[in-house]
Amino acid sequence: MQKLGDFKLPHFFNYPPYFTLQPVRETSEKQIQLWKELILDYCRIQKIFVIRLEEEFPLFSNSVVERTLSHEAREAFLSALVAEGRAEWLDKGRRNCLILWHRIQEWADIIVNFVKDNGFEDSVMTVEEIRSGIESRGTELQGIDRTILVRALKLLEHKGKLAIFKGTSTDDEGVKFSV
Amino acid sequence: MVKYSREPDNPTKWSYLSMLQNLEQKKSFLISRKKYPKLIAAGMSNFFSKAEVTSSGRPVLLHNEVECHLLSAVDLEPEDHRHFSLLKSGLLILTTHRLIWLLSSSASTPTSASAIPLAAISHIFSSKKSLKSVFHSPRIRFQVLVSSDGRVFDPSSGSGSSSGSGSRSVVVTAVIRGKGDCDGFLVKFWDSWRARVWETTKISSSGSGSASGSGVATGIGGGLYSSDGSVRMVGVAGILRKEQEMWESTDKSLQDAFQDLNALMSKAKEMVMLAEKMRQKLLSGTSSQTSGTNDEDMGSKEEMQDWLLSVGIISPVTKESAGALYHQQLSRQLADFVRIPLERAGGMINLIDAYCLFNRARGTELISPDDMLQACSLWEKFDVPVMLRKFDSGVMVIQNKSHSDEEVFARIKSLVTKPEALRTGISPTDAAMTLGIAPAMAKEHLLTAESKGLLCRDISPDGFRFYINLFPEIDPCNMYFVKDYGICSTWIKAVSTTGLGIGERSSTFR
């Protein structure tokens with residue numbers, strides 16, 4: 001099976017028409033679906049949170065069959081993800097896309113579980129600690145994109161599960177859990 | 001002196017003829033000198049016919065007479081100007097019926113004019129370019145038939161009288177001393193003379209068929225002129241004259257056939273009147289239609305549409321009607337013609353190609369693209385084995401009604417599932433070769449197959465290719481699963497037979 005890093009590629013990744021945006025509606029719907037799944041899977045495994053359209057993205061080219069997705073095709077697939085709620089455009093020019101292979105709600109749940117597992121129900125942590133602290137090693141939270149983390153925390157704050165406050169030093173924000 | 005007129009296809013005949021005429025002239029002139037001395041004297045100033053002039057000095061034109069050309073400062077010299085008058089320095093006007101000469105001086109308006117009816121002219125000499133002519137004023141020479149009293153033969157007055165008008169002709173020279181366009185005038189002179197407009201008016205005015213213009217009358221009595229004033233065919237001169245007239249009439253009909261602009265312009269008035277009349281008739285016909293349309297009326301209306309079409313006027317009645325008979329006939333003819341090219345092209349031919357082939361086969365009387373399109377659209381109404389088909393891309397083709405898309409798709413499918421095609425796909429050229437049709441047609445078929453979900457396109461620097469469509473078999477929720485006997489597994493097998501593992505291709509493999 002062909003691999004891209006650690007990621008196992010499906011057989012149709014070497015099917016040349018897969019890299020050409022299909023005009024026929026039925027066919028293109030299927031094609032878009034396959035690409036959406038592939039992108040989400042790849043990002044989850046490789047822990048990629050942002051796709052920048054103007055840069056090279058390994059998934060979008062196949063050197064074996066010598067095909068690359070056109071800019072138009074990339075935009076089409078990412079827009080499909082955005083429409084589904086699994087991604088967001090970070091800028092108006094649609095050059096950078098935030099991939100939510102977990103939805104924000106799911107991330108929020110992960111954070112709550114993390115807090116419960118580690119007994120942080122009433123303690124305080126900085127945002128950075130959640131991301132890269134010792135406790136988060138080995139969990140999904142390790143290396144999480146800061147934007148996503150903050151969004152998840154805000155969602156939880158809205159629900160009353162925690163409170164975000166500005167830290168004493170100017171750099172980081174702190175979180176007080178009250179799960 | 002033999003007067004030559006250069007006739008390309010038969011130089012000897014012409015010189016002989018003119019030599020004969022010259023001899024004739026000499027003979028008749030000598031005779032006339034003896035016979036009609038008195039008349040000669042009288043004819044001094046009366047060689048030409050009289051032409052009426054308006055109060056402002058313009059010639060009065062006959063009914064339907066149209067002016068064609070004008071030259072100033074022209075002398076008219078009859079050949080024998082010792083006995084006939086010379087007209088000096090006047091305005092020479094060429095019309096469809098006559099050559100009119102007006103005395104033009106700035107001081108006075110002319111009160112009278114002289115004219116030579118074109119009908120009296122028997123021959124116009126073509127201009128001779130010689131060293132002499134460079135230094136002289138240009139000259140136009142023509143031969144005029146002369147009646148017995150020495151005057152210019154006037155067919156309108158002389159018809160019916162069998163006074164045995166003489167068989168004489170006199171050469172008149174028009175010396176153009178002014179700055180006018182002599183060659184252009186000569187061309188127009190020929191045209192007007194050949195057009196013989198006065199004959200049509202004579203026919204319409206006389207009513208009976210007896211006064212036919214080109215009298216090949218085999219009448220009794222001697223002399224070259226028959227009773228109605230037209231030339232008779234007797235003797236060697238008669239035979240030669242007959243040939244001359246035949247040549248002239250062929251020439252004239254050739255001219256008409258090629259629709260000389262000049263002739264058309266003179267007929268333009270008639271055309272406009274005719275078109276108006278027809279339009280009125282047809283429009284009044286449709287507007288006054290009651291619920292029960294008479295079959296006869298429809299028939300005659302269609303005929304009128306045909307006539308209009310034949311002179312190039314598009315029918316003013318709606319085009320959605322069953323179509324003029326012309327289009328119907330054309331439609332059937334086209335259906336018959338296109339059968340053979342269709343077979344050769346494998347059952348489908350581009351409309352543009354068919355148009356070119358059809359017009360080439362027709363030779364003359366080419367049809368316009370619009371006619372072609374209308375003819376093809378009429379096929380729906382008839383029972384013909386061909387049909388016009390428009391693809392999504394806009395390409396229009398003619399195909400057999402028996403042509404089945406399904407059959408073509410089956411052939412495409414078998415082509416595209418071959419191992420080679422599974423690996424590299426097919427291009428329109430490959431399909432064209434296999435299906436036996438033109439590449440453009442093949443591409444249309446491939447695009448149609450794609451729209452039906454049979455194929456997928458692959459656009460790359462290698463070009464535009466098509467593969468069998470694998471997408472329907474792939475399940476997004478179970479992407480890595482491959483059905484055992486489906487098309488995907490066939491594809492995987494084909495692709496991996498290069499021995500490089502699934503999907504990997506060697507660089508030499510194209």
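Residues numbered from 1 in each chain as written. Chains lettered and ligands numbered in written order. Predicted model: local features only at pLDDT ≥ 70, side-chain atom pairs only at ≥ 80, totals over all residues. Heavy atoms only, no water.

Remarks on the overall build of chain B
Here is step 1 of the chain: Scanning chain B from N- to C-terminus turns up 18 helices and 13 strands.
Here is step 2 of the chain: For chain B, with 510 residues in total, the buried portion stands at 41%.
Here is step 3 of the chain: Excluding contacts between residues fewer than 6 apart, the proportion of contacts in chain B whose partners are at least 24 apart in sequence is 58%.
Here is step 4 of the chain: For chain B, the accessible area works out to roughly 28,500 Å², and carbon and sulfur atoms hold 57% of it. (Helix = DSSP H or I, 4+ residues; strand = E, 2+ residues; numbered from the N terminus. Buried < 20%, exposed > 50% of the residue type's maximum accessible area, 1.4 Å probe, protein only. Contact = heavy atoms within 4.5 Å. Areas by Shrake-Rupley, 256 points an atom, 1.4 Å probe, with all protein chains shown as cover.)

What to know about the sheet that holds strand E6 (residues 87–89) of chain A
Residues and elements named next belong to chain A.
Here is step 1 of the chain: With antiparallel pairing, 3 strands are arranged side by side in an open sheet as E3-E7-E6. Looking at which strands have only one partner, the edges of the open sheet turn out to be strand E3 (50–52) and E6. Strand-to-strand, the axes of this sheet are offset by a mean angle of 25°, without reference to chain direction.
Here is step 2 of the chain: For E6 and strand E7 (residues 96–99), the ladder comprises 3 bridges, and the chain directions are antiparallel. By the bridge assignment for E7, Glu 88 is matched with Leu 98.
Here is step 3 of the chain: The strands touched by helix H2 (residues 71–84) within the sheet are E3, E6 and E7, with E6 carrying the most contacts at an inclination of about 115°. (Pairing = 2+ DSSP bridges. Axes fitted to C-alpha atoms, helices over the stretch in contact; angles between N-to-C directions.)

What to know about the interface of chain B and chain A
Here is step 1 of the chain: The partner chain A presents 28 residues to the 29 residues of chain B that form the contact.
Here is step 2 of the chain: A combined buried area of about 2,600 Å² lies between chain B and chain A, and 66% of that area is made up of carbon and sulfur atoms.
Here is step 3 of the chain: When the buried surface of chain B facing chain A is broken down by residue, B:Phe471, B:Met479 and B:Tyr480 rank first, second and third, together holding 30% of it.
Here is step 4 of the chain: The interface formed by chain B and chain A contains 1 salt bridge.
Here is step 5 of the chain: The partner of B:Asp458 in a salt bridge is A:Arg67, and the shortest N-O contact between them spans 2.8 Å.
Here is step 6 of the chain: Summed over the shared surface of chain B and chain A, the number is 9 residue pairs in polar contact (both at pLDDT 80 or more).
Here is step 7 of the chain: For the side of chain B that touches chain A, the secondary-structure elements that each account for two or more residues are helix H17 (439–451), strand E12 (455–460), strand E13 (463–468) and helix H18 (487–496) of chain B. (Buried area = accessible area lost by both parts, 1.4 Å probe. Salt bridge = Lys/Arg side-chain N within 4 Å of Asp/Glu carboxyl O. Polar contact = N/O pair within 3.5 Å; in protein donor to acceptor, adjacent residues only side chain to side chain.)

Things to note about the packing of helix H1 (residues 25–46) of chain A against H2(A)
Residues and elements named next belong to chain A.
Here is step 1 of the chain: Following both chains from N to C, one finds H1 and H2 inclined at 80°, their axes separated by 9 Å at the closest point. Classed by the angle they form, the pair H1 and H2 counts as roughly perpendicular. The segment H1 lies against H2, with Gln 31, Ile 32, Trp 35, Lys 36, Ile 39 and Leu 40 engaging Phe 77, Leu 78, Ala 80, Leu 81 and Glu 84.
Here is step 2 of the chain: Considered class by class, the residues forming the contact of H1 with H2 number 8 nonpolar, 1 polar and 2 charged. (Parallel < 35°, antiparallel > 145°, perpendicular 65-115°, else oblique. Nonpolar A, V, L, I, M, F, W, Y, C, P; charged D, E, K, R; others polar.)

Examining the packing of aromatic side chains
All names here are of chain A.
Here is step 1 of the chain: All chains considered together, the criterion is met by 24 aromatic pairs over all chains.
Here is step 2 of the chain: Judged by centre distance (5.6 Å) and plane angle (85°), the ring pair of Phe 19 and Trp 35 falls under edge-to-face. Of this pair, Phe 19 sits in the loop between strand E2 (7–8) and H1 while Trp 35 sits in helix H1, and the two are 16 residues apart along the sequence.
Here is step 3 of the chain: The exposure class of Phe 19 is buried, given its relative accessible area of 4%. (Phe/Tyr/Trp six-rings, centres within 6.5 Å; stacked < 30°, edge-to-face > 60°.)

Points about the pairing of strand E10 (residues 386–390) of chain B
Residue and element names in this part refer to chain B.
Here is step 1 of the chain: Sheet analysis places E10 next to strand E11 (residues 396–400), joined by 5 bridges and oriented antiparallel. In the strand pairing of E11, Val 386 is matched with Asn 400.
Here is step 2 of the chain: Linking E10 back to E11 in an antiparallel pair, the connection comprises 5 residues, with Gly 394 at a positive phi of about 100°.

Side note on the pattern of salt bridges
Here is step 1 of the chain: Taken as a whole and assessed by the stated rule, the structure comprises 17 salt bridges over all chains.
Here is step 2 of the chain: Each of the salt bridges in this network shares a partner with another, and the network as a whole consists of A:Glu128, A:Arg131 and A:Arg146.

Examining H1(A)
Here is step 1 of the chain: In this model H1(A) runs 31 Å from its N-terminal to its C-terminal C-alpha over 22 residues, within 8% of the 32 Å that 1.5 Å per residue would give.
Here is step 2 of the chain: Phi turns positive, to about 55°, at A:Lys47, one or two residues after H1(A). (Expected span 1.5 Å × (residues − 1).)

Examining the sheet that holds strand E8 (residues 168–176) of chain B
All names here are of chain B.
Here is step 1 of the chain: The antiparallel open sheet is built from 8 strands, whose spatial order is E1-E5-E4-E3-E2-E8-E7-E6. Of all the strands in the sheet, the pair left with one neighbour each is strand E1 (49–51) and strand E6 (121–124). Here the average twist between neighbouring strands, direction ignored, is 40°.
Here is step 2 of the chain: Relative to strand E3 (residues 87–95), strand E2 (residues 67–78) is paired through 6 bridges, and the arrangement is antiparallel. Residue Glu 67 lies in a different strand from E3, and its bridge partner there is Thr 95.
Here is step 3 of the chain: Where helix H5 (residues 182–195) meets the sheet, it contacts E2, E3, strand E4 (98–103), E6, strand E7 (139–146) and E8, and its direction lies at approximately 140° from that of E6.

Section: the confidence of the model for chain B
All names here are of chain B.
Here is step 1 of the chain: Averaged over chain B, the pLDDT score is 72; the fraction of residues at 70 or greater is 63%.
Here is step 2 of the chain: In the predicted structure, residues 3–8 sits below a pLDDT of 50 and forms 15 contacts with residues beyond four places in sequence or in another chain.
Here is step 3 of the chain: For the stretch residues 289–293, pLDDT sits under 50, and the model shows 3 contacts to residues farther than four places along the chain or on other chains.
Here is step 4 of the chain: With pTM at 0.51, the complex prediction returns an ipTM value of 0.83. (pLDDT = per-residue confidence, 0-100.)

Quick notes on the nonpolar core
Here is step 1 of the chain: A:Tyr18, A:Trp35, A:Ile39 and A:Leu59 are the most contacted members of the largest nonpolar core, which totals 90 residues.
Here is step 2 of the chain: Apart from the residues lying within four places of it in its own chain, the contact partners of A:Ile39 are A:Ile51, A:Leu59, A:Phe60, A:Phe77, A:Leu78 and A:Leu81.
Here is step 3 of the chain: Core analysis: the next-biggest nonpolar cluster, separate from the first, contains 28 residues, B:Leu94, B:Ile176, B:Trp193 and B:Trp198 among them. (Core = buried A, V, L, I, M, F, W, Y, C linked by side-chain atoms within 4.5 Å.)

Remarks on the packing of helix H12 (residues 351–362) of chain B against helix H13 (residues 369–378) of chain B
All names here are of chain B.
Here is step 1 of the chain: Taken N-terminus to C-terminus, the directions of H12 and H13 make an angle of 110°; their axes are 11 Å apart at the nearest point. In terms of their interaxial angle, H12 and H13 are classed as roughly perpendicular. Along this stretch, H12 crosses H13, giving a crossing that reads as right-handed. Across the interface between the two elements, Leu 351, Ala 354, Tyr 355 and Phe 358 from H12 touch Pro 369, Met 372, Leu 373 and Cys 376 from H13.
Here is step 2 of the chain: Looking at side-chain class alone, the contact of H12 with H13 contains 8 nonpolar, no polar and no charged residues. (Left-handed = near helix turned anticlockwise from the far one by under 90°.)

Some details on the side chain of B:His445
Here is step 1 of the chain: In this structure, B:His445 sits in helix H17.
Here is step 2 of the chain: Ignoring anything within four residues of it in the chain, the contact list for B:His445 reads B:Met348, B:His403, B:Val408, B:Phe409, B:Ile412 and B:Ile437.

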